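Each chain, letter by letter, is given below.
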Amino acid sequence: KYIDPIVTILKQSKYSALTIVALIEPDSLPNLATNMNVQKCQQAQTAYMTAIPYAIKQLATLPNVVQYVDAAHGGWLGWTNNMQKFTQIIKTVLTSAGGVDTIRGFASN
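These lines cover the structure that appears in this document, whether it is placed above or below. (Residues numbered from 1 in each chain as written. Predicted model: local features only at pLDDT ≥ 70, side-chain atom pairs only at ≥ 80, totals over all residues. Heavy atoms only, no water.)

We now examine the side chain of N31. On the secondary structure map, N31 appears in helix α2 (residues 28-34). Take N31: its relative accessible area is 16%, and that puts it in the buried class. Ignoring any residue separated from it by four or fewer positions in sequence, one finds N31 in contact with M36, C41 and W76. (Helix = DSSP H or I, 4+ residues; strand = E, 2+ residues; numbered from the N terminus. Buried < 20%, exposed > 50% of the residue type's maximum accessible area, 1.4 Å probe, protein only. Contact = heavy atoms within 4.5 Å.)

On any regular strand, side chains alternate: one points to one face of the sheet, the next to the other face. Burial along strand β1 (residues 20-24) is one-sided: the residues I20, A22 and I24 are buried and none of V21 and L23 is. Where β1 lies against strand β2 (residues 65-70), five bridges are found, and the strand directions are parallel. When the bridges of β2 are listed, V21 appears paired with V66. (Pairing = 2+ DSSP bridges.)

With that out of the way, let us pick up the side chain of N64. Turning to its location among the elements, N64 is positioned in the loop between α3 (39-59) and β2. A polar contact of 2.9 Å, which involves the side chain of N64, links it to the backbone oxygen of Y15. A distance of 3.0 Å separates a polar side-chain atom of N64 from the backbone oxygen of L18. Not counting residues within four places of it along the chain, the set of residues in contact with N64 comprises Y15, S16, L18, T19 and I20. (Polar contact = N/O pair within 3.5 Å; in protein donor to acceptor, adjacent residues only side chain to side chain.)

Residues I24, L29, I56, L59, V65, V69 and F86 are the most contacted members of the largest nonpolar core, which totals 27 residues. Every element with two or more residues in this core is listed here: α1 (3-10), β1, α2, α3, β2, α4 (74-77) and α5 (80-97). By residue number, the principal contributor to this core is α5, which donates six residues. (Core = buried A, V, L, I, M, F, W, Y, C linked by side-chain atoms within 4.5 Å.)

This brings us to α5. An ideal rise of 1.5 Å per residue puts 26 Å on 18 residues; α5 measures up with 25 Å between its terminal C-alpha atoms. Restricting attention to buried positions, one finds in α5 the residues N82, F86, I89, I90, V93, L94 and A97. Projected down its long axis, α5 shows its buried positions confined to an angular sector of 125°, all on one face. In α5, the exposed residues that point more than 90 degrees away from the buried face are T80, N81, K91 and T95. On its buried face, α5 is in contact with α2, α3, β2, α4 and β3 (105-107). A positive phi of about 115° marks G98, the residue just after α5. (Expected span 1.5 Å × (residues − 1). Arc of directions from axis to C-beta.)

So far we have only geometry, and geometry alone does not tell us how the molecule works.
Rendered as structure tokens:
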């Protein structure tokens, strides 16, 4: 629940007039699509698939926060097999977080 203190801070009235952009979980979800042969990625899967939807859901309660989820880059996920795996992961994450409307889009480099 690392996100809870961040949400508490962003709820402060002094930030209410600001639009805050949150980039969610650089590299973690793409790793689940491409690196499950790596033991550390395997061990992190449950944490990623639990904590990321939780973070998205909590940030979505703030009307002045817009969220983008990391989608890696074309050289990483641009291959058909990788992209198909990633889209299924994203679908699961966003469903758990409350739906696709909880985020504005994706960030890619």
